[in-house]
Amino acid sequence: MTTTTDKNSIASFQDLVNLLESDGVPHQSDVAGMMVQIPTQRGSLDSVMLIRWQKDDGVIQFIQALPLTIPDDKLVATVDAVTRLNHVLAIPGFDVNHDRKLLAYRLYLPIHPRGAVSAVEIQAMFSLAVKSASELLPVLARVVAGQVKPEEVVADAQQEYAKQAAPTPAAPPSSMY
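Residues numbered from 1 in each chain as written. Predicted model: local features only at pLDDT ≥ 70, side-chain atom pairs only at ≥ 80, totals over all residues. Heavy atoms only, no water.

(A) Here's a closer look at the pattern of salt bridges. Counted by the stated rule, this structure contains nine salt bridges. Each of Arg142, Asp156, Glu160 and Lys163 takes part in one network of salt bridges that share partners. (Salt bridge = Lys/Arg side-chain N within 4 Å of Asp/Glu carboxyl O.)

Following this line, the structure appears as structure tokens:
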């Protein structure tokens with residue numbers, strides 16, 4: 001396995017693990033599976049991300065799990081909603097694991113033809129996956145709960161983005177003293 005001495009050049013799974021350790025990121029490594037599991041939390045998202053080093057495929061996968069289980073009777077609606085959302089997103093990445101009835105947001109970072117990626121690219125992909133999953137988690141939760149129909153999901157997502165972008169008013173002081 002090739003590793004680099006430059007902290008900013010990530011050319012192997014071990015380099016990825018070294019980066020996480022030097023950045024103080026809590027994680028569990030699976031050297032045989034060439035993946036790490038990282039706990040994630042943002043807004044209502046409290047889950048895990050898997051980062052898979054897929055040397056033979058020439059990519060690194062960032063798979064942010066959404067803490068939702070899809071009931072059997074909502075699977076078709078959820079797949080339809082995810083397809084509609086992905087179509088309007090600048091960076092589509094939502095997917096459904098049909099066998100496990102789980103949702104995730106998945107991004108890929110090519111390793112080839114360069115043979116390495118930068119630490120900044122790893123950090124950016126990680127952040128983007130967590131951000132995207134957390135922002136649309138409430139929308140997808142409403143789909144899974146049957147509160148939003150697939151054909152309404154884009155409008156619901158637009159309302160969710162507007163709500164999240166609205167400034168939070170300052171709370172009045174609880175006491176003048």
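(B) Highlighting the layout of surface pockets. There is about 330 Å³ of room inside the largest pocket. If you trace the largest pocket, you find 16 residues lining it, with Leu50, Ile63, Asn97, Arg100 and Ala104 closest to the centre. At the level of secondary structure, the elements contributing two or more residues to the lining of the largest pocket comprise strand 3 (35-42), strand 4 (45-54), strand 5 (59-69), strand 6 (94-97) and strand 7 (102-110). If you tally residues by element for the lining of the largest pocket, the top one is strand 7, at four residues. The residue inventory of the lining of the largest pocket, partitioned by class, reads ten nonpolar, two polar and four charged. (1 Å grid on protein atoms, 1.4 Å probe; cavity = no way out; pocket = protein on both sides within 12 Å on 5 of 7 lines; lining within 4 Å. Points joined across faces, edges and corners; volume = space filled by probe spheres on them. Helix = DSSP H or I, 4+ residues; strand = E, 2+ residues; numbered from the N terminus. Nonpolar A, V, L, I, M, F, W, Y, C, P; charged D, E, K, R; others polar.)

(C) Representation of helix 4 (residues 153-165). The terminal C-alpha atoms of helix 4 lie 18 Å apart, and with 13 residues this matches the ideal 18 Å at 1.5 Å per residue to within 8%. Of the residues making up helix 4, those classed as buried are Val153, Asp156, Ala157 and Glu160. Summarising the axial view, the buried residues of helix 4 lie within an arc of 100°, below the 170-degree limit, and thus occupy one face. Across helix 4 from its buried face, at more than 90 degrees, point the exposed residues Gln158, Gln159 and Ala165. The inward-facing, buried residues of helix 4 abut helix 2 (75-88) and helix 3 (119-144). (Expected span 1.5 Å × (residues − 1). Buried < 20%, exposed > 50% of the residue type's maximum accessible area, 1.4 Å probe, protein only. Arc of directions from axis to C-beta. Contact = heavy atoms within 4.5 Å.)

(D) The environment of Asp156, seen in detail. With respect to the helices and strands, Asp156 occurs in helix 4. By relative accessible area, which is 11% here, Asp156 ends up buried. Sequence separation of Asp156 and Pro138 is 18 residues, and the distance between their C-alpha atoms is 9.6 Å. Apart from residues lying up to four places away in sequence, Asp156 is in contact with Val139, Arg142 and Val148.

(E) Seen up close, helix 3. Taking 1.5 Å as the rise per residue, helix 3 with 26 residues should run 38 Å; its terminal C-alpha atoms sit 36 Å apart, in good agreement. The largest bend in helix 3 is about 50°, located at Leu137, with the proline Pro138 one to four residues further on. Phi turns positive, to about 80°, at Gly146, one or two residues after helix 3. (Bend = angle between axes of the 7 residues up to and from the residue.)

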